[in-house]
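Single-letter residue listing:
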Number of protein chains: 2
Amino acid sequence: MDIGIIGSGRVAQTLATKLLELGNRVTISSRDTTKAKDLGDWGTIPSAEAFAAAQRKLGWEAAAGSFADAAAHGEVVINATAGGHSLNALQAAGADNLAGKILVDIANPLDFSQGMPPTLLFCNTESLGERVQAAFPDARVVKSLNTVSAQVMVDPRQLTEPTAMFVSGNDQAAKDWVHRELLESWFGWEQVLDLGDLTGARGQEMWMPLWLRVMGAAGTAAFNLRIVAST
Amino acid sequence: MDIGIIGSGRVAQTLATKLLELGNRVTISSRDTTKAKDLGDWGTIPSAEAFAAAQRKLGWEAAAGSFADAAAHGEVVINATAGGHSLNALQAAGADNLAGKILVDIANPLDFSQGMPPTLLFCNTESLGERVQAAFPDARVVKSLNTVSAQVMVDPRQLTEPTAMFVSGNDQAAKDWVHRELLESWFGWEQVLDLGDLTGARGQEMWMPLWLRVMGAAGTAAFNLRIVAST
């Protein structure tokens, strides 16, 4: 499948590498297309080598471009930018290039301006997922994957037990594709919960402050939550 | 131990019943002390019978009173009011009655005024736990237990696997007592994580929107999260 990734950072590269390994054609993208197009300059960014190796192995060359290049290329588009920049990046990607497509929003609207740990730029009565959907009404926005680190997103089975991943969105078919294909079949998620419409993104994004604290207590980002019920 | 519970609702009664069963002397409390003092009027509130039965069994009669009665009686005080009313209830309890005592804040600042699901009255850069500590600087506030339903608070082993409970607070000795005694020894919690100072309450309270969505997806409030890491 043709997949466009909005973003070129660590999360974008981790996703791109996994999606390439799975046999997809992937375009990652950057605001600075000079940087994005010259993978040789990425030597200091973790996993750039793995990404380039996956490219070579699959013979897929046109794997980096502008935000608009990625959105135009993808049958499915993934927003893997930092949440504070997502709306600008998606504007650059172009509403026409997103119309009718599944847009998987994996970003968190983190605000680092007040120091660490970050707070959220907005929450509670709104969410980034909803803002993206409002700005691009013809895109089929599904919020998912934002609740874990990049390495866990694409390899949940590195954890010692099956853990939970959430989907929310207003387009049931889009949500079902993310649930059944991207999450379960491709990445190996085993406890996927459908939280309903896109207002569920509020809960998914508001998990971030607790996630950050648990990361501090656990000393690792390689963790996730598992939902456990009574018998 | 003498324990004062600020509140007389379902959560307060569930906690009181369990704490009485464990051999403590418990005072629950209400703004409406007429109601609180006449347990016979509580017939319509779930678990009122269990509470009264535990009282009879232990011969503990003075188990209901005003907020100030409960705070004065308790060596440890538990805030089990609805979060939107907590600060007023604690003002009525009296700063002098809380000074120097462990104050376990188990409330969530839920706002039901906009309909269901509730939002939070405040979050992100503040929390109820921090507001309580700021209002009562001589109390030793520990945020805990707010992340699960009342039945799970006092009986986590009803779930099929050990799950996570969090503590945060500025007084390490107070936090350690909640962690080791109240949570582990008394209630049976097996995965307790210390999130650091009381700003951790932000994460604990911001879990609520996701909790509400998972409850909807799972169809039960008898669940919790378990933290799972890689090997």
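The next thing to look at is the interface of chain A and chain B. On the chain B side, the residues contacting the 39 residues of chain A number 39 residues. Mapped by element, the contributors of at least two residues to the side of chain A that touches chain B are strand 7 (119-120), strand 10 (191-194), helix 10 (200-206), helix 11 (208-218) and strand 11 (223-229) of chain A. Sort the elements by how many residues they give to the side of chain A that touches chain B and helix 11 of chain A lands first, with eight residues. Of the residues that constitute the side of chain A that touches chain B, the class distribution is 19 nonpolar, 15 polar and five charged.

With an RMSD of 0.0 Å, the fit of chain A onto chain B corresponds to turning through 180° and sliding 0.0 Å along the axis. The two molecules are tied by a two-fold rotation axis, judged by turn and shift. Minimal C-alpha separation from the rotation axis in chain A is found for Arg226 of chain A, amounting to 2.5 Å. Both copies share a contact surface, since 100% of the interface residues of chain A are interface residues in chain B too.

It is worth spelling out the confidence of the model for chain A at this point. Summarising the model, chain A shows a mean pLDDT of 90, and 87% of its residues fall at 70 or more. Between residues 36-46 of chain A, whose pLDDT stays under 50, and residues either more than four places distant or in other chains, the model counts 17 contacts.

Judged by how many residues are buried, strand 11 (residues 223-229) of chain B sits mostly within the fold: five of seven residues are covered. Relative to strand 11 of chain B, strand 11 of chain A is paired through seven bridges, and the arrangement is antiparallel. The residue of strand 11 of chain B that forms the bridge with Leu225 of chain A is Ile227 of chain B.

It is worth spelling out unusual backbone geometry at this point. All names here are of chain A. Cis peptide bonds are those with omega within 30 degrees of zero, and the linkage from Met116 to Pro117 qualifies with -10°. In this fold, Pro117 is placed in the loop between strand 6 (110-111) and strand 7. Positive phi, normally seen in glycine, also occurs at Asn124, with a value near 75°. Checked against the element boundaries, Asn124 lands in the loop between strand 7 and helix 7 (128-135).

Below, the discussion takes up the pairing of strand 8 (residues 140-144) of chain B. Residues and elements named next belong to chain B. The buried count for strand 8 comes to five of five residues, which makes it a mostly enclosed element. Alternating residues of strand 8 divide into Arg140, Val142 and Ser144 and Val141 and Lys143, and every residue in both groups is buried. In the sheet, strand 5 (residues 102-105) pairs with strand 8 via four bridges, with the strands oriented parallel. Looking at strand 8, one finds that Asp105 is bridged to Lys143. Bridge count between strand 8 and strand 9 (residues 164-169): three bridges; the pairing is antiparallel. Across the sheet, Lys143 pairs through a bridge with Ser168, a residue of strand 9.

Cut-offs applied
Residues numbered from 1 in each chain as written. Chains lettered and ligands numbered in written order. Predicted model: local features only at pLDDT ≥ 70, side-chain atom pairs only at ≥ 80, totals over all residues. Contact = placed C-beta atoms within 7 Å. Helix = DSSP H or I, 4+ residues; strand = E, 2+ residues; numbered from the N terminus. Nonpolar A, V, L, I, M, F, W, Y, C, P; charged D, E, K, R; others polar. Least-squares fit on C-alpha atoms with pLDDT ≥ 70 in both. pLDDT = per-residue confidence, 0-100. Buried ≥ 20, exposed ≤ 12 C-beta atoms within 10 Å, placed from the backbone. Pairing = 2+ DSSP bridges.

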